[in-house]
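Listed here are the chains, written in short residue letters.
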Amino acid sequence: MSTIEQTRVDLLIEARWVVPVEPHGIVLDDHAVVVDAGRIRELLPIPEARRKYSARETRVLDEHVLIPGLINAHTHNPMTLMRGIADDLPLMTWLTEHIWPAEARAMSAEFVHDGVELAIAEMLRGGTTCCNENYFLPDAQAATYRRYGFRALVGLPVIEFPSAWARTRDEYFDKALAVHDEFRGDDLIGTAFAPHAPYTVSNESFERVRMLSDQLDIPVHVHVHETAQEVDDSRRDHGVRPLARLQGLGIVNDHLIAVHMTQLDEAEIRLCADAGVSVVHCPESNLKLASGFCPTEALRRAGVNIALGTDGCASNNDLDMFGEMRTAALLAKGVSGDASAFDAPFALRAATLNSARALGWGDRVGSIEPGKAADLAAVRLDALETQPVFNVVSQLIYACGRHQVSDVWIAGAPKLIGGTLVDLDVAALRAKAREWRQRLAG
């Protein structure tokens, strides 16, 4: 009797359930994900995987669901160190009277490094393996993400006032290009232009962003239509709504990652669909700042790519993508008056493959498919709070919490095993956070 010669691979993950996200909405019982050289090689039933492969390591997750790593499509992660610093305030009061003054006092490479480090720990413990970052000192951000092997699209900031990063418009662009060049071709780190918002960026800067985005083929990550005041101010100052102004400047295209978008009419929704814009929905931050409601179901029905983000910890106040998925699903139902709106499989897709596509990385991550990077998260479903299990995906969205994440891999490298962080010292992170509290409060 002949024996089948087994193929040697790095890792075999055997799970009670696998939700690959693509194809949409399916749940696979008792399947294994084969990982080799940081990539997904195959997804197949456990008995077949055992016959076909010999793994250097096998992880048995018999009470777990394996999902693609969650992707936080809009973050300001150094602001983890400002968690709770100014709560229960409207956006412009919060920004101008509290956040910007605090940032002016604290901004440094040390602040950015320590904030990103704390954020990485929080994200990994919540099953997030990738983020779309938007903050100052992108060189310090990118170096920290790369040091810990965390996948990140790092925003190259553009704003019309001096900061600790740059003093003039030319300096913002010169430094942006230098950071882009430094991380060009990096396996984990990418770059996007991050002009802050229509009300803080000039026409000249937006035109330059558009030209460079086209030349470098990188996204443009910008807050748009976040509040009714922003829209009113734009009509007063420019004679048009912000999205119309951006369209006139050539920014509204398939490179645009438009964040918040709480103030949209039907024509603007059609424009986004026709132009290939990705909209990042940040429901909890929008609710907390009373900014308004993104019409996600109308966008979805129009065919717009909808991603999910938490926003920063100063306005959320966490990086919990499980909470964001649940809030997004519930809020869409209330806003649209349709109980079927933003259903559970779509909520998971918004936080994975749709977010990957928004970042321009849909071919790399966001689903469990052969050839993609092995960015994966395992979630225990044996807790009393998630029993009994009738529908795995509904359980993930409506009953599960981030504390049930047990294991996380990025590019096949273990980052969280059995709930324990692999590369980060929790006690040291806690001590740094407490030190920053004293410095910022003072």
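Residues numbered from 1 in each chain as written. Predicted model: local features only at pLDDT ≥ 70, side-chain atom pairs only at ≥ 80, totals over all residues. Heavy atoms only, no water.

Caption draft 1: Just the overall build of the protein, in detail. From N to C terminus, the protein includes 16 helices and 16 strands. Its C-alpha atoms give the protein a radius of gyration of 21 Å, near enough to 22 Å, the size a compact globule of 442 residues would have. In terms of overall dimensions, the protein has C-alpha extents of about 80 × 45 × 45 Å along its principal axes. Within the protein, buried positions represent 58% of all 442 residues. Taking all contacts inside the protein whose residues are at least 6 apart in sequence as the whole, residues at least 24 apart take part in 72%. With an accessible surface of roughly 17,200 Å², the protein has 48% of that area assigned to carbon and sulfur atoms. Mean positive and mean negative side-chain charge positions of the protein (43 and 61 charges, respectively) differ by 2 Å. (Helix = DSSP H or I, 4+ residues; strand = E, 2+ residues; numbered from the N terminus. Rg over C-alpha atoms; globule rule 2.2 N^0.38 Å. Buried < 20%, exposed > 50% of the residue type's maximum accessible area, 1.4 Å probe, protein only. Contact = heavy atoms within 4.5 Å. Areas by Shrake-Rupley, 256 points an atom, 1.4 Å probe, with all protein chains shown as cover. Lys, Arg positive; Asp, Glu negative; His and termini not counted. Charge placed at Lys NZ, Arg CZ, Asp CG, Glu CD.)

Caption draft 2: Fine view of helix α5 (residues 169-182). Helix length check: α5, at 14 residues, gives a terminal C-alpha distance of 20 Å against a target of 20 Å (1.5 Å per residue), a fit within 8%. Along its buried surface, α5 packs onto α4 (138-147), β7 (151-158), β8 (189-195) and α6 (203-216). (Expected span 1.5 Å × (residues − 1).)

Caption draft 3: Expanded view of the pairing of strand β3 (residues 39-45). As defined by bridge partners, strand β2 (residues 28-36) adjoins β3 across six bridges and the pair is classed as antiparallel. Each bridged residue has a counterpart across the sheet, and for Val 34 the counterpart in β3 is Glu 42. If you look at the hairpin formed by β2 and β3, you'll find two residues sitting between the two strands, and Ala 37 has a positive phi there, around 55°. (Pairing = 2+ DSSP bridges.)

Caption draft 4: Highlighting the packing of helix α3 (residues 109-125) against helix α16 (residues 426-441). Contact geometry of α3 with α16 gives a least axis separation of 10 Å together with a crossing angle of 135°. As judged from the angle between their axes, α3 and α16 are oblique. Relative to α16, the crossing made by α3 is left-handed. Where α3 abuts α16, its residues Glu 110, Phe 111, His 113, Asp 114, Glu 117, Leu 118 and Ala 121 lie against Leu 429, Lys 432, Ala 433, Trp 436, Arg 439 and Leu 440. Of the residues assigned to the contact of α3 with α16, the class counts are seven nonpolar, one polar and five charged. (Axes fitted to C-alpha atoms, helices over the stretch in contact; angles between N-to-C directions. Parallel < 35°, antiparallel > 145°, perpendicular 65-115°, else oblique. Left-handed = near helix turned anticlockwise from the far one by under 90°. Nonpolar A, V, L, I, M, F, W, Y, C, P; charged D, E, K, R; others polar.)

Caption draft 5: Summary view of a nonpolar patch on the surface. Side chains of Leu 287, Phe 293 and Val 335 sit close together on the surface and give an oily, nonpolar patch of about 260 Å² of accessible area. Summarising the element assignment, Val 335 is placed in helix α12 (residues 321-336). (Patch = residues over 30% accessible without salt bridge, like charges linked within 9 Å, V, L, I, M, F, W, Y side chains within 5 Å. Salt bridge = Lys/Arg side-chain N within 4 Å of Asp/Glu carboxyl O.)

Caption draft 6: Molecular detail of the side chain of Thr 75. Tracing the chain through its elements places Thr 75 in strand β5 (residues 70-75). Residue contacts for Thr 75: discarding those within four places in its chain leaves Cys 131, Asn 132, Glu 133, Asn 134, Thr 310 and Asp 311.

Caption draft 7: Representation of the packing of aromatic side chains in the model. Under the definition given, this model contains six aromatic pairs. A ring pair is formed by Tyr 145 and Phe 150, whose centres lie 5.8 Å apart and whose planes are at 35°; its orientation type is tilted. Note on accessibility: Tyr 145 and Phe 150 belong to one class, buried. The ring of Trp 436 carries the charged tip of Arg 439 above its face, separated from the ring centre by 3.9 Å. (Phe/Tyr/Trp six-rings, centres within 6.5 Å; stacked < 30°, edge-to-face > 60°. Lys NZ or Arg CZ within 6 Å of the ring centre and 35° of its normal.)

Caption draft 8: Up close: the sheet that holds strand β1 (residues 7-18). Here we have eight strands laid out as an open sheet, ordered β3-β2-β1-β4-β13-β14-β15-β16, and mixed in their pairing. Here the strands that pair on one side only, and so sit at the sheet edges, are β3 and β16 (420-421).

Caption draft 9: Molecular detail of the pairing of β8. Most of β8 sits inside the fold, with seven of its seven residues counted as buried. Here β8 shows no split at all, with Ile 189, Thr 191, Phe 193 and Pro 195 on one side and Gly 190, Ala 192 and Ala 194 on the other all buried. Pairing geometry for β7 and β8, over seven bridges, is parallel. Bridge assignment links Leu 153 to a residue of β8, and that residue is Gly 190. Chirality of the crossover, the property in question, places the unit of β7, α5 and β8 among those that are right-handed. (Right-handed = clockwise from strand over helix to strand, strands pointing away.)

Caption draft 10: Expanded view of the environment of Gly 115. Take Gly 115: it is sitting in helix α3. Gly 115 gets classed as buried once you look at its relative accessible area, which sits at 0%. The spatial distance from the C-alpha of Gly 115 to the C-alpha of Leu 396 is 28 Å, given a sequence separation of 281 residues. Among all residues touching Gly 115, those that are not within four sequence positions of it are Asn 77, Pro 78, Thr 80 and Leu 81.

Caption draft 11: The arrangement of the nonpolar core in detail. Counting residues in each nonpolar core, the largest one holds 113 residues, and the members touching the most others are Ile 67, Phe 111, Tyr 145 and Phe 342. Broken down by element, this core gets its largest block of residues, nine residues, from α3. Residue contacts for Phe 342: discarding those within four places in its chain leaves Thr 296, Glu 297, Arg 300, Ile 306, Leu 308, Ala 328, Ala 329, Ala 332, Lys 333, Ala 347, Ala 350 and Tyr 398. Of all hydrophobic cores here, the second largest spans 16 residues; its members include Ile 71, Cys 282, Ala 307 and Leu 359. (Core = buried A, V, L, I, M, F, W, Y, C linked by side-chain atoms within 4.5 Å.)

Caption draft 12: Local environment of the packing of α3 against α4. Look at α3 against α4: their axes get within 9 Å of each other, and the N-to-C directions meet at 40°. Between α3 and α4, the interaxial angle falls into the category oblique. Where α3 crosses over α4, the two elements pack in a sense that is right-handed. Here Ala 109, Val 112, His 113, Val 116, Glu 117, Ile 120 and Met 123 of α3 lie close against α4, whose contacting residues are Ala 140, Gln 141, Thr 144, Tyr 145 and Arg 147. For the contact of α3 with α4, the per-class residue count stands at seven nonpolar, three polar and two charged.

In short, the description is geometric, and any link to function would need to be established separately.
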